[in-house]
Amino acid sequence: MSEMHLKDALDTLKTTGVRITPQRHAILEYLIESMNHPTADEIYKSLEGKFPNMSVATVYNNLRVFREAGLVKELTYGDTASRFDFVTNDHYHMICQCCGKIVDFHYPGLNEVEQFASHVTGFQVNSHRLEVYGTCPDCVDNVDRKAN
Ligand SMILES: [Zn+2]
Ligand SMILES: [Zn+2]
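Rules of the game
Residues numbered from 1 in each chain as written. Chains lettered and ligands numbered in written order. Predicted model: local features only at pLDDT ≥ 70, side-chain atom pairs only at ≥ 80, totals over all residues. UniProt positions renumbered as here; feature names shortened; annotations may be inferred. Helix = DSSP H or I, 4+ residues; strand = E, 2+ residues; numbered from the N terminus. Buried ≥ 20, exposed ≤ 12 C-beta atoms within 10 Å, placed from the backbone. Contact = placed C-beta atoms within 7 Å. Pairing = 2+ DSSP bridges. Axes fitted to C-alpha atoms, helices over the stretch in contact; angles between N-to-C directions. Expected span 1.5 Å × (residues − 1). Core = buried A, V, L, I, M, F, W, Y, C linked by C-beta atoms within 7 Å.

Labelled according to an unreviewed UniProt entry, the protein chain appears under the name Fur family transcriptional regulator, originating from Ureibacillus massiliensis 4400831 = CIP 108448 = CCUG 49529. As recorded by UniProt, the Subcellular location (unreviewed entry) comment attached to the protein chain reads in full: "Cytoplasm". What UniProt states about the protein chain under its Sequence similarities (unreviewed entry) heading is, verbatim, "Belongs to the Fur family."

Spelled out as C-alpha cells, the structure:
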C-alpha cells in the first residue's frame, strides 16, 4: 500500500519536472511511512544518519518542492513548527493539546457540509479544513497517574 503511494508520488514529481534525488526519495518515504505528521526537524533527525551533509534547511526546501507539486500539505499552528502530511485522500485531524500528537480520521459526511455551506452562502466551495482538539489516551493516562 505505502509502496503504491511512493511510486505515485515519484511519478507526480517526474511529470512536474522535479529531479528525484536520494534525499527527496528518503524524505518522501519517511512522510509516507511515518504517518505521524512530522515537523521538518523530526524528518531531519531521523534521516541525518543516512545523509550527513543534509541540513534542516535542505529538508525544508524539499518539503516546499513537494508542497508545490501537491504531494504534501503543510499544517500550520500559530508559532509552533509546521507539520507535514503526505496528501492521500481527504481526512481530518484530531489534535492532542497536551503533547501535539495528530491522528487522522475519515468522515465522508463533510462533503454534505460543503454542499450545505455553498447552498446557504452562495459561495463556490474550494476546500475545507476540520480539526478536532482534545487529549490523547496517552496523555489522559499520564494525568490519571499523576492524580493518584
Ligand atoms: Zn497527547
Ligand atoms: Zn493527516
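> Where do I start with unusual backbone geometry in this structure?
Only a minority of non-glycine residues have a phi that is not negative, and only a minority of peptide bonds are not trans. Even without being a glycine, His37 presents a positive backbone phi close to 55 degrees. Tracing the chain through its elements places His37 in the loop between α2 (22-34) and α3 (40-47). For His37, a count of 21 C-beta atoms within 10 Å puts it in the buried group.

> Looking at this structure, how should I read the UniProt feature "binding site: Fe cation" (unreviewed entry) in the protein chain?
Under the UniProt annotation, "binding site: Fe cation" (unreviewed entry) lies at His128. Following the sequence through the fold, His128 ends up in the loop between α5 (110-121) and β5 (131-134). Look at His128 and you get exposed, because 12 C-beta atoms sit within 10 Å. Those residues in contact with His128 that lie beyond four places of it in its chain are Leu110 and Glu114.

> Which parts of the structure should I look at to understand the sheet that holds strand β4 (residues 102-105)?
The strand order β4-β3-β5 describes an open sheet built from 3 strands, whose pairing is mixed. Across the chains shown, the open sheet's two edge strands, defined by having one partner strand only, are β4 and β5. Within this sheet the neighbouring strands show an average axis-to-axis angle of 25 degrees, counted without direction. In terms of strand pairing, strand β3 (residues 92-96) meets β4 through 4 bridges, oriented antiparallel. Bridged to Ile95 within β4 is Ile102.

> How do you make sense of α5 when you look at a structure like this?
One turn of the α-helix equals 3.6 residues, which is why residues spaced by three or four share an orientation. The terminal C-alpha atoms of α5 lie 16 Å apart, and with 12 residues this matches the ideal 16 Å at 1.5 Å per residue to within 8%. When you tally the buried positions in α5, you get 0 out of 12 residues, a small fraction of the element. Phi for Gly122, located one or two positions after α5, is positive at around 80 degrees.

> Would you take a moment to explain the environment of Cys96 for this structure?
Here Cys96 shows up in strand β3. Spatially, the C-alpha atom of Cys96 lies 33 Å from that of Pro52, the residues being 44 residues apart in sequence.

> What's the story with the UniProt feature "binding site: Zn(2+)" (unreviewed entry) in the protein chain in this structure? I'm lost.
The UniProt feature table records "binding site: Zn(2+)" (unreviewed entry) at Cys96, Cys99, Cys136 and Cys139. Separation in sequence by 44 residues is not matched in space for these annotated residues, since their most distant C-alpha atoms are only 8.2 Å apart. Owing to 17 C-beta atoms within 10 Å, Cys96 belongs among the partly exposed residues under this scheme. Among residues more than four places away in sequence, those in contact with Cys96 are Lys101, Gly134, Thr135, Cys136 and Cys139. Looking at the secondary structure, you find Cys139 in helix α6 (residues 137-147).

> Is there a simple way to think about the nonpolar core in this case?
Soluble globular proteins tend to pack their nonpolar side chains together in the buried interior. Core analysis: the biggest nonpolar cluster contains 14 residues, and Leu28, Leu31, Leu63 and Val72 have the highest contact counts within it. Among the elements that make up this core, the one with the highest residue count is α2 (4 residues). Those residues in contact with Leu63, other than ones at most four positions away along the chain, are Ala40, Val72 and Phe84.

> How should the pairing of strand β2 (residues 80-86) be read in this particular structure?
Where a strand is regular, its side chains alternate between the two sheet faces. The pairing of strand β1 (residues 72-77) with β2 spans 5 bridges and is classified as antiparallel. If you follow Glu74 over to β2, its bridge partner there is Phe84. Between β1 and β2, which pair antiparallel one after the other, the connecting turn spans 2 residues, and Gly78 there sits at a positive phi close to 55 degrees.

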